[in-house]
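Breakdown of the fold
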Amino acid sequence: MKFTTFLNKCASVAITVAIILIAQFSLINSENITAQAIQISNQDTEFKELINNSLEAWNTNKPENLAKFYAQDPELKFYDALPMQYQGWKDYQTGIQQHLFDNMPKFTLTANDDIQSHRQDNLAWTTFTWHLSAELNNGSPIEADGRQTDIWEKRDGKWLIVHQHISSPISL
């Protein structure tokens, strides 16, 4: 009987220690999550500025003004509304001139106030929604809302978009 009592006490102590360790780990983990949230919040200012500057470049209707925000690698993919995808910056530059700027003499993109950024070493991704006010060559106005995800890579101290995905909600 004494041996059983001893085992029960050992089991009780082991369970108590396990509960304490789990509780401490949970507190440490929640502190890390808070630190990460603060870090993300501090990064938003940098990426808000980058995104707003890139949209200002879009609003010039000149793809060459956008080039400084995009990595020039020919194998990169950029997903846009028309056509569905572009292969590399040169293809994207030609496509947005042909499909967008040649058809819209007035073009204004504005980011909404929901920009989020997440950073891991020299990579980051941003998400945000935007509003487009434009005018077609025939004078017809366009008002549209969309969403965008950009993947950024820091190269030689400068953040560049290495992948972009743009979409707009549709009614079915």
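For the structure itself, consult the block above.
The notes below deal with the structure included here. The structure displayed is predicted, hence computed values, not measured ones.

Okay, the overall build of the chain next. What the chain contains, in helices and strands, is three helices and seven strands. For the chain, buried positions account for 29% of its 172 residues. Intrachain contacts of the chain at a sequence separation of at least 6 include 49% that bridge at least 24 residues. Surface summary for the chain: the accessible area is close to 11100 Å², and the carbon and sulfur share equals 59%.

In the sheet, strand S4 (residues 116-120) pairs with strand S5 (residues 123-135) via five bridges, with the strands oriented antiparallel. Along S5, the bridge assignment pairs Ser-117 with Thr-126. Hairpin connection between S4 and S5: a loop of two residues separates the two successive antiparallel strands, and Asp-121 in this loop has a positive phi of roughly 55°.

Mapped onto the fold, Gln-120 is located in strand S4. Overall, the relative accessible area of 53% leaves Gln-120 in the exposed class.

A few words on unusual backbone geometry. Going from Leu-82 to Pro-83, the amide bond is cis rather than trans, its omega being -25°. Turning to its location among the elements, Pro-83 is positioned in the loop between strand S1 (77-79) and strand S2 (85-87). Within the chain, Asn-61 stands out as a residue other than glycine whose phi angle is a positive 60°. Residue Asp-156 is not a glycine yet carries a positive backbone phi of 50°. Examined against the element boundaries, Asp-156 turns out to sit in the loop between strand S6 (141-155) and strand S7 (158-167).

All right, on to the environment of Ile-151 then. Mapped onto the secondary structure, Ile-151 falls in strand S6. Given a relative accessible area of 33%, Ile-151 falls into the partly exposed group. In this view, Ile-151 contacts Ala-124, Trp-125, Leu-160, Ile-161, Val-162 and His-163; residues no more than four positions away in its chain are not counted.

So, about a nonpolar patch on the surface. Side chains of Leu-123, Trp-125 and Ile-151 sit close together on the surface and give an oily, nonpolar patch of about 260 Å² of accessible area. Of note, Leu-123 is situated in strand S5. Exposure remark for Leu-123: the relative accessible area of 39% places this residue in the partly exposed category.

Take the side chain of Ser-54 next. Assignment of secondary structure puts Ser-54 in helix H1 (residues 2-58). Residue classification places Ser-54 among the buried residues on the basis of a relative accessible area of 6%. Apart from the residues lying within four places of it in its own chain, the contact partners of Ser-54 are Leu-66 and Phe-69.

Let's shift gears to the packing of aromatic side chains. With the rule as written, the count across this model stands at 12 aromatic pairs. Each ring, one from Trp-58 and one from Phe-107, has its centre 6.4 Å from the other, and the planes form 25°; the classification is stacked. Residue Trp-58 is found in helix H1, and its partner Phe-107 is found in strand S3 (residues 106-111); the two are separated by 49 residues along the sequence. Looking at Trp-58, the relative accessible area reads 5%, which means it is buried. The buried category is assigned to Phe-107, whose relative accessible area is 6%. Look at Tyr-86 and Tyr-92: their rings are 4.9 Å apart centre to centre, the planes differ by 45°, and that puts the pair in the tilted class. You can call Tyr-86 buried: its relative accessible area is 3%. The class for Tyr-92 is buried, based on a relative accessible area of 0%. Put simply, the rings of Trp-58, Tyr-70, Phe-78, Tyr-86, Trp-89, Tyr-92, Phe-101 and Phe-107 pair up and form one aromatic cluster.

Cut-off values and rules
- Residues numbered from 1 in each chain as written.
- Predicted model: local features only at pLDDT ≥ 70, side-chain atom pairs only at ≥ 80, totals over all residues.
- Heavy atoms only, no water.
- Helix = DSSP H or I, 4+ residues; strand = E, 2+ residues; numbered from the N terminus.
- Buried < 20%, exposed > 50% of the residue type's maximum accessible area, 1.4 Å probe, protein only.
- Contact = heavy atoms within 4.5 Å.
- Areas by Shrake-Rupley, 256 points an atom, 1.4 Å probe, with all protein chains shown as cover.
- Pairing = 2+ DSSP bridges.
- Patch = residues over 30% accessible without salt bridge, like charges linked within 9 Å, V, L, I, M, F, W, Y side chains within 5 Å.
- Salt bridge = Lys/Arg side-chain N within 4 Å of Asp/Glu carboxyl O.
- Phe/Tyr/Trp six-rings, centres within 6.5 Å; stacked < 30°, edge-to-face > 60°.

These figures come from the coordinates and say nothing about function on their own.
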